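Architecture at a glance
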Amino acid sequence: MSKKTIAPRKDIVASMVADFKKELQNMIVEEGITELEIDLSGVEMVDSVGLGAFIATHNTLSQKNGKLTVIHATEDIFSLFKTMRLDQHFEIHQG
Amino acid sequence: MMIDADTLNTYFEESNCSLKDIEKDLITLEDMGAKIDIPFAGEIFRSMHAIKSGASILGLSKIKELSQKLENILGLICNEKLVPNPEVINLLLQGCDRLLQLTRQQYTQKEIDIDEQSVMLTGLTSAVLPDDKKDSVTHIRNIPLPDGRHAFQIPEFNIQQALDQGKTVYILEYDLIRDVQEKNDTPLNMVRFVQQHGEMIDSLLDIKSVGTLEENISLPGIPYFILLASSLTHEQLVTALNISPHKVYELKNEFDDLVNPQNNKCLKKHCFQNNSIQKQECPLSLLNQEQLERFSGLASELNFAYDYLLNTNMAEDPIKDIAINRIKVVLTDFQALVDAGQKTPVSKGSLELIRNIRDYGFQSGNKARINCSGEDILMDRRILRQLVDALTGSIIKMILFFSRIRENSGQKKAITQFTLTIVENEQNVILELFSPDRMPIPENSFLDIHLEQNQLNSINSELQQNQQPEKGIVLTFTLPRTFTILNGYPVEIDHQTYIIPRINVLGYSLRSELSENTDLRQTGDHMIILYENQWIPIISIYREASQHTINAVLHRNVFVFCHIGTQRFGLAVDKAEESETDAVLQPLSRHLSSNPTLVGTCLLKDGDIAFVPDMGYFAYQAMLTKC
């Protein structure tokens, strides 16, 4: 079990998702990270494509018996994840 | 959809007003007992529903969750499934208190816990349902999605509540890529938009279809389903949400077993004519809090100047009279502006009083009710706060007094009724409190209201008691109509309290944190102190004010930095309170006119006298010291 925190420090939106997902994939597949924490400090917005990145990361980690945790979410992002019941799939903590 | 600060503030202000009304109405509802006035209960339900709807739209999850649970209980009362007995009302009031806390402390909401209230309210909902419905709170109903692969799993009670309110339940199908991303929208906006058209009972993201990081190179779509209870028809919903009709599934026959036309006598008929927050008459000040405090401080300064000029032994000088008159003109307008911001109807205080007495009765078993009249009279909110404390104490003492008399004469416990009349004349606001349930009271027996009298004295007011043949024991509260209220910081010097007007204080430094030569220096016979990169003189107020000794200054524990206009100086004091104090300025400065350092005295809550230093005088002294 190895753990790592990633902090993108910018909005998780379509324009950055491809690179962000590659980075996540490297961590999980190549570095063997199984407990991944995404620190949303400085992230104000998550669009649909960004939401897809969180779900894909969760699905990938689940296959490897790993765990995704989201920390420091703004009230809006926390509320979105809760409304969409994503908190039933992975842990989300408000900032 | 961006929620701007103004919209949020309006919501919080209106919800606050609405919750205060709900609180009052709940106590009235409690008094009705089993004879529930259904339309009246429906009004309370509607107010709570409006708070919940607003919270839902604005994404305030805790307020939404708690108000939903309170609404559930109110719905049961409306449908006569639950009698609003004191225990039920107590839970509702506690829930409202927590909601009030959430709406008042909007910036620290996430630290406010609602778990206890949520569990209690859910427990109550479950406990009061008939046996055949009890399970509905915990009984989970499967609602399959159109794709057949997934299903919502919802407590049956939530569906039942929506149906009781005359709503239709729909499943909405969205694709977060096609219907949201490609339309340049965000999921949060979409969700909030949907919530404006109904109550989102649940939602479900098909996370399997998103795939993993490896397989998901181009995202085909993210199916998202919403279970929505709405008063709109299928057609209206399709138009309002601008969504394909094939993506809105009406659940028509799925809940036939839950529909019971007998159960919705209040809710269907009354509750959904108005979905928005009811417009309350919230008295909003022309000034915001910060401005109000600033103006209040300036008005105090002006009051001091006026008082000082009036009482100083200056030679007869026509210019002095002109100055006094001009200050008076400005002061009158100034004070009116501040008063308008600080004034509030007495009804605000009487509501708090009613609640205090109700809660005391619930906890002690000595129940009482108060009828108030004259509640539209306006009073300073700071004075009202202290008046409510004194009134609560007095009433509790009267309740205990009557209860002892009942016990001694072998009578049963009963609810004690009180009458509180409020009238005003040019000088005073006068409150008269008595109990029409009076009983034979031994002659010359009086209540011990010493503590309350002290409280009232501290706001320049009086409390007297007497016995009248037709009213029994009567308490009379006399409060001046106008007050000069000083917002200040208390400091202590030689065991004497001084209040430095808030407007003059820049900050504090502890002696222990300062080092000589670096922060404090001697210059001639005086000390100077470094404040914001500037050396400023230190002035002292202690007994030997005329003999500034370096040692005396150095032995003080705290330095308070003050200013008058551009003049800055430090005051050496023994102790400084972090807290602010509201104190009523007593017009006693004429007795102190020989002391140039003081402009007035204040009575504090505990009865102690505080002195108000003349900051202008000290600024002048500071200027001389500097020279």
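Source: prediction; values computed, not measured. (Residues numbered from 1 in each chain as written. Chains lettered and ligands numbered in written order. Predicted model: local features only at pLDDT ≥ 70, side-chain atom pairs only at ≥ 80, totals over all residues. Heavy atoms only, no water.)

Looking at the overall build of chain A
- What chain A contains, in helices and strands, is three helices and four strands.
- The secondary structure elements of chain A, listed N-terminal to C-terminal, are β-α-β-α-β-α-β.
- Counting all 95 residues of chain A, 54% fall into the buried class.
- Sequence separation of at least 24 residues holds for 66% of the intrachain contacts in chain A that already meet a minimum separation of 6.
- With the model as given, the accessible surface of chain A reaches about 4200 Å², and the carbon-plus-sulfur share is 44%. (Helix = DSSP H or I, 4+ residues; strand = E, 2+ residues; numbered from the N terminus. Buried < 20%, exposed > 50% of the residue type's maximum accessible area, 1.4 Å probe, protein only. Contact = heavy atoms within 4.5 Å. Areas by Shrake-Rupley, 256 points an atom, 1.4 Å probe, with all protein chains shown as cover.)

Some remarks on unusual backbone geometry
- Its identity is not glycine, yet R9 of chain A carries a phi of approximately 60°, on the positive side.
- Structurally, R9 of chain A is set in the loop between β1 (3-6) and α1 (14-30).
- Residue R9 of chain A is classed as exposed on the basis of its relative accessible area, which comes to 54%.
- The backbone phi angle of N242 of chain B is positive, close to 55°, even though this residue is not glycine.

So, the interface of chain A and chain B
- Every contact between the two is made by 33 residues of chain A and, on the other side, 30 residues of chain B.
- Approximately 2500 Å² of surface area, both sides summed, lies buried where chain A meets chain B, with 61% of it carried by carbon and sulfur atoms.
- At the junction of chain A and chain B, the tally comes to two salt bridges.
- Taken together, the elements giving at least two residues each to the side of chain A that touches chain B come down to α1, α2 (48-63) and α3 (75-83) of chain A.
- Across the side of chain A that touches chain B, the residue classes break down as 14 nonpolar, 13 polar and six charged. (Buried area = accessible area lost by both parts, 1.4 Å probe. Salt bridge = Lys/Arg side-chain N within 4 Å of Asp/Glu carboxyl O. Nonpolar A, V, L, I, M, F, W, Y, C, P; charged D, E, K, R; others polar.)

Here's the deal with empty space enclosed by the protein
Residues and elements named next belong to chain B.
- A complete count under the given rule lists six cavities of 30 Å³ or more for this structure.
- Reported here for the second largest cavity is a volume of approximately 60 Å³.
- Of all the secondary-structure elements, those providing two or more residues to the lining of the second largest cavity are α14 (346-364), α15 (381-408) and β10 (416-424).
- Residues of the lining of the second largest cavity, tallied by class, amount to nine nonpolar, two polar and no charged. (1 Å grid on protein atoms, 1.4 Å probe; cavity = no way out; pocket = protein on both sides within 12 Å on 5 of 7 lines; lining within 4 Å. Points joined across faces, edges and corners; volume = space filled by probe spheres on them.)

What to know about the confidence of the model for chain A
- Looking at chain A, pLDDT values average 90 and 99% of them are 70 or higher.
- α3 of chain A is the least confidently modelled element of chain A, averaging 85 in pLDDT, while strand β2 (residues 35-39) of chain A averages 94, the highest of any element. (pLDDT = per-residue confidence, 0-100.)

Remarks on the pattern of salt bridges
All names here are of chain B.
- In this structure the tally under the stated criterion is 26 salt bridges over all chains.
- Here E492 and K575 are joined by a salt bridge, their closest N and O atoms 3.6 Å apart. Of this pair, E492 sits in strand β14 (residues 485-493) while K575 sits in strand β22 (residues 575-576), placing them 83 residues apart in sequence.
- On the accessibility criterion, E492 (24% relative accessible area) is partly exposed.

Focus: the environment of K64 of chain A
- With respect to the secondary-structure elements, K64 of chain A resides in the loop between α2 and β3 (67-73).
- Residue classification places K64 of chain A among the partly exposed positions, given a relative accessible area of 37%.
- In the structure, K64 of chain A is positioned 35 residues away from V29 of chain A in sequence and 9.6 Å away in space, judged by C-alpha atoms.
- Excluding residues within four positions of it along the chain, K64 of chain A makes contact with I28 and T34 of chain A together with E214 of chain B.

Focus on the sheet that holds β1 of chain A
All names here are of chain A.
- Read across the open sheet, the four strands follow the order β1-β2-β3-β4; overall the sheet is parallel. For this open sheet the edge positions go to β1 and β4 (91-94), each flanked by a neighbour on one side alone. The sheet shows a mean angle of 15° between the axes of neighbouring strands, direction not considered.
- Looking at chain direction, β3 and β4 are connected through three bridges and run parallel. In the sheet register, T69 faces β4, and the bridge partner there is E91. (Pairing = 2+ DSSP bridges. Axes fitted to C-alpha atoms, helices over the stretch in contact; angles between N-to-C directions.)

Structural notes on the packing of aromatic side chains
- For the structure shown, the criterion picks out nine aromatic pairs over all chains.
- Seen in terms of ring centroids, F402 of chain B and F418 of chain B are 6.4 Å apart; in terms of plane orientation they differ by 35°. Their pairing is tilted. Of the two residues, F402 of chain B is situated in helix α15 and F418 of chain B in strand β10; the sequence distance between them amounts to 16 residues.
- Its relative accessible area of 0% is what places F418 of chain B among the buried residues.
- The interplanar angle of 45° and the centroid separation of 6.0 Å between the aromatic rings of Y498 of chain B and F611 of chain B together place this pair among those described as tilted. Here Y498 of chain B is found in strand β15 (residues 496-501), whereas its partner F611 of chain B is found in strand β25 (residues 609-613), with 113 residues between them in sequence. The same class applies to Y498 of chain B and to F611 of chain B, which are both buried.
- By way of ring pairs, the aromatic residues F54, F81 and F90 of chain A are connected into one cluster. (Phe/Tyr/Trp six-rings, centres within 6.5 Å; stacked < 30°, edge-to-face > 60°.)

Let's talk about the side chain of K20 of chain B
All names here are of chain B.
- As for its position among the elements, K20 is in helix α1 (residues 5-32).
- Owing to a relative accessible area of 17%, K20 belongs among the buried residues under this scheme.
- Apart from residues no more than four positions distant in its own chain, K20 is found in contact with L100, R104 and L351.

Looking at helix α13 (residues 318-342) of chain B
- Between the first and last C-alpha of α13 of chain B there are 35 Å, a value that for 25 residues agrees with the 36 Å anticipated at 1.5 Å per step.
- Within α13 of chain B, the full set of buried residues consists of K320, I324, I327, L331, F334, Q335, V338, D339, G341 and Q342 of chain B. (Expected span 1.5 Å × (residues − 1).)

Some thoughts on the environment of V248 of chain B
Residue and element names in this part refer to chain B.
- Along the chain, the position of V248 falls in strand β6 (residues 248-250).
- For the pair V248 and Y174, spaced 74 residues apart in the sequence, the C-alpha separation amounts to 9.4 Å.
- In this structure, V248 is in contact with Y170, I171, L172, H234, L237, V238 and I243, ignoring residues within four places of it in sequence.

Regarding the nonpolar core
- Among the nonpolar cores identified, the biggest contains 57 residues, and F81, M84 and L86 of chain A together with L172, M190 and Y224 of chain B are the most heavily contacted of them.
- No other element matches the seven residues that α2 of chain A contributes to this core.
- Once residues lying within four places of it in the same chain are set aside, the contact partners of M190 of chain B are M84 of chain A together with Y174, L176, V180, D185, Y224 and I226 of chain B.
- Among the nonpolar cores identified, the runner-up in size contains 42 residues, and L60, L92, I114 and I354 of chain B belong to it. (Core = buried A, V, L, I, M, F, W, Y, C linked by side-chain atoms within 4.5 Å.)

Some remarks on the sheet that holds strand β12 (residues 462-468) of chain B
All names here are of chain B.
- Ordered in space as β8-β10-β11-β13-β12, the five strands form an open sheet in which the pairing is mixed. Sheet topology places β8 (368-373) and β12 at the edges, where each strand pairs with a single neighbour. For this sheet, the mean inter-axis angle between neighbouring strands, taken without regard to orientation, is 20°.
- Of the strand pairs in this sheet, strand β11 (residues 428-434) and strand β13 (residues 472-480) are connected by seven bridges, and their pairing is antiparallel. Its bridge partner lying in β13, L433 is registered against L475.
- Where α14 meets the sheet, its contacts fall on β8 and β10, and the angle it forms with β8 comes to roughly 170°.
- Together, β8, β10, β11, β12 and β13 form the strand contacts of α15, whose direction differs from that of β13 by roughly 175°.

Quick notes on helix α10 (residues 234-241) of chain B
Residue and element names in this part refer to chain B.
- Looking at α10, one finds that the buried residues are L237, V238 and L241. Projection of α10 onto a plane perpendicular to its axis shows the buried side chains occupying an angular sector of 100°, all on one side. Residues of α10 that are exposed and point more than 90 degrees away from the buried face comprise E235 and T239.
- On its buried face, α10 is in contact with β3 (168-175), α9 (187-195), β5 (223-230) and β6.
- Positive phi shows up at N242, right after α10, with a value of about 55°. (Arc of directions from axis to C-beta.)

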